Structure formats: C-alpha cells, structure tokens
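The chain contents come next:
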Amino acid sequence: SYLSAGCWSRPHPVNMFNSYNVKFHHSKALTSPYPGSHIERSQVPEDKVGWLTEWKDYNPVEYTAKSVLAGPSWADPQINHEGFSPKFNERDGEVERKSLNGLYVVENGRPRNPAGRTGLTGRGLLGRWGPNHAADPVVTRWKRDRSGNKVAHPVSGKNILQFVAIKRRDCGEWAIPGGMVDPGEKITATLKREFQEEALNSLQKSPEEKAKLEKQLQKLFSQDHFVVYRGYVDDPRNTDNAWMETEAVNYHDETGETMDNLPLEAGDDAGVVKWVDISEKLELYASHSYFIKLVTEKRGAHWSEDPGSECHE
C-alpha cells in the first residue's frame, strides 16, 4: 500500500485559504537524508526558500527513487519520456493535476513546488509530477459510560470525543487511517475505501462481509461531514517538482449506533486499530494532532485541562 500523506506531514492553517501571497513554511520538506535513501538535499537557507528570492547559484540534487522509475500504476513517466505530455493545473484524463492551493508555476516543463525550494528536484518517492493527492478520514463518536451517557472530562467539563486511530506498521506511530487518491476516484470514495482497508481490514473480507460493511458505513459516510483541512502538506518526500496535498474530513457518529456495530480490525498498512480518547496529550504526527484539535473545536469537545490553551482561530 502506498503511504498516506500524513505519515510525516505538518500542515499550516494558512493553507486553508487561497495561496496567493501566503507564506508557506518548510521544515520537513528540507530534511536530509531523503526518506528511504542516502541522498542529501542541497542546503536551502530559510531566507532562500521562496522562489521570489533570486538565487543564481541554486543547484539542487536530482533524485527519483527506483521504485518510481520502475513505472508502477500510481506513477508518471519521466518528463522527457516519449508520448508523455501532462496537462498541469487541470484534470488530465483520470489524473487530478490541479492543486488545492490554486495555480502553480510550470518551468521548463516541470511543475514548481508552491511552497518554495526543497534542495531536491525530480520526484523522490512521489509518483506524480506536481501535486500528489491524499485523503484522511477522521471518524469520531462520543465516549459513553455503560449506561450510554456521554462522559465529560472531570477538569474541563467538556464531553470526551473518540476517534478511530491506527498504529502504522512503517512508522510505529498512531495516526488517522488515510491514503492516496486513485486516478479517477472521488475524494469521498477514497476516504471510505481507506477507512475500510485500514480500520476494518476489508481487503481480507469475503464479498458477503464486504457488502455488509459497505451498507453499515454508507449511513455514516453519506451524512453531513466537516472538511477539517484541504491543501499543501509539509512532507519530507516533497521535492521542487512533486509534493503532497491532503483533504482531511470528519465523519461523526453522534449516537454511536453506527460505529458500535462495526468490528474494528487492522488491515493494509495498519498494525493496530482502536478507538482513542482525544486530548492534547495524544502523541500523533504533528499534522494529525492539528486535524484532531480542529475537530474538537468544531464539536465543542474536550481538548485541554488548561482553559487558557484552547485555541480560537
């Protein structure tokens, strides 16, 4: 399974708005060595990350992983490959090459990372030139006692929210179950598919079991939902020519009736799956903690024992 955007991501709230005149911040996208390799990025000083800053001596390292060059279904050919003429900034057949943050520059046939220089050209581990789209479903319910009553936190007095978390096999950390958008697939379909594969182990189910799960999930995934975040993700796999973008969406089971009857079972690239109580003490990827915090604010749920730390953005 191709890794989700969230594995190393850190988004920034500003990215939820139009990216014109928005200053992006790179930190993960400047780390060396590049993930899964011994390749060191060219060093990029903080004041030279932005493309508007002239830097005539900028000479980044070129790197695309062998796994990408092997031509798997999720990857583009090289830019100079015969017959490959991608339509950047638009829907290109089944492949979505539009960015969630608006138009990006294409220079010498290659798309340019809207967040600035990364010290590496090519695609690294990413399959697509330009944006690589992912989706992260945040499935939540209220924590309840044996009588079915909502459980409030003793200090904040706010009700405790729970979300379905997976422990990733690759990083060993807790995360939102998420993954890459397949060509031609709608985000809503990706969100549901990834949740089924990682949190319900649907890939190992019989057709009958799959159909039953599908019917139960349809109710949850067809109701009103809350888009937590859409946009560019600061990720160590990003390069000057390829980058991660994600859409995180909250599906909330208000009564708990839908999710109570779903058997959580780790599958695909998840090692463990379970309901986790939400609070600021949770240790997740930075991006996932941020997504989860936004959900608690939207739902009026418990986050912190210190009322002064509650954020009102």
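Starting from 1, residues in each chain are numbered consecutively following that chain's sequence as written. Given that the model is predicted, a residue must reach a pLDDT of at least 70 before its local features are reported, and side-chain atom pairs must reach 80 or more before they are shown or counted; all residues, however, enter totals for whole chains, interfaces and linings. Processing note: side-chain calculations cover all non-hydrogen atoms of the structure and skip hydrogens and water entirely.

Draft legend 1. A look at helix α2 (residues 187–199). Taking 1.5 Å per residue, 13 residues should reach 18 Å; α2 reaches 18 Å between its end C-alpha atoms and fits that length. Burial here depends on accessible area, computed with a 1.4 Å probe over protein chains only, as a share of the maximum for the residue type. Under 20% is buried, over 50% is exposed, and the range in between is partly exposed. A run of DSSP states H or I qualifies as a helix once it reaches four residues; a run of E qualifies as a strand once it reaches two. Both are numbered from the N-terminal end. The element α2 is extensively covered by neighbouring structure, given that ten of its 13 residues are classed as buried. Among all positions in α2, only Thr-190, Leu-191, Lys-192, Arg-193, Glu-194, Phe-195, Gln-196, Glu-197, Glu-198 and Ala-199 are buried. Phi for Asn-201, located one or two positions after α2, is positive at around 55 degrees. To estimate how far a helix should extend, the number of its residues minus one is multiplied by 1.5 Å.

Draft legend 2. A look at the side chain of Ser-37. Note that Ser-37 resides in the segment before β1 (61–64). Residue Ser-37 is classed as buried on the basis of its relative accessible area, which comes to 15%.

Draft legend 3. Main features of the environment of Ala-242. Structurally, Ala-242 can be placed in strand β12 (residues 242–253). On the accessibility criterion, Ala-242 (0% relative accessible area) is buried. Between the C-alpha atoms of Ala-242 and Leu-120, which are 122 residues apart in sequence, the distance is 9.8 Å. It only takes one pair of heavy atoms within 4.5 Å for two residues to be counted as in contact. Those residues in contact with Ala-242, other than ones at most four positions away along the chain, are Asn-113, Gly-122, Arg-123, Leu-126, Arg-128, Gly-130 and Asn-132.

Draft legend 4. Expanded view of the nonpolar core. Residues Phe-163, Val-228, Phe-291 and Ile-292 are the most contacted members of the largest nonpolar core, which totals 20 residues. Here the element with the most residues in this core is helix α5 (residues 286–299); it accounts for five residues. Only buried Ala, Val, Leu, Ile, Met, Phe, Trp, Tyr and Cys residues count toward a nonpolar core, and they belong to the same one when joined by side-chain atoms within 4.5 Å.

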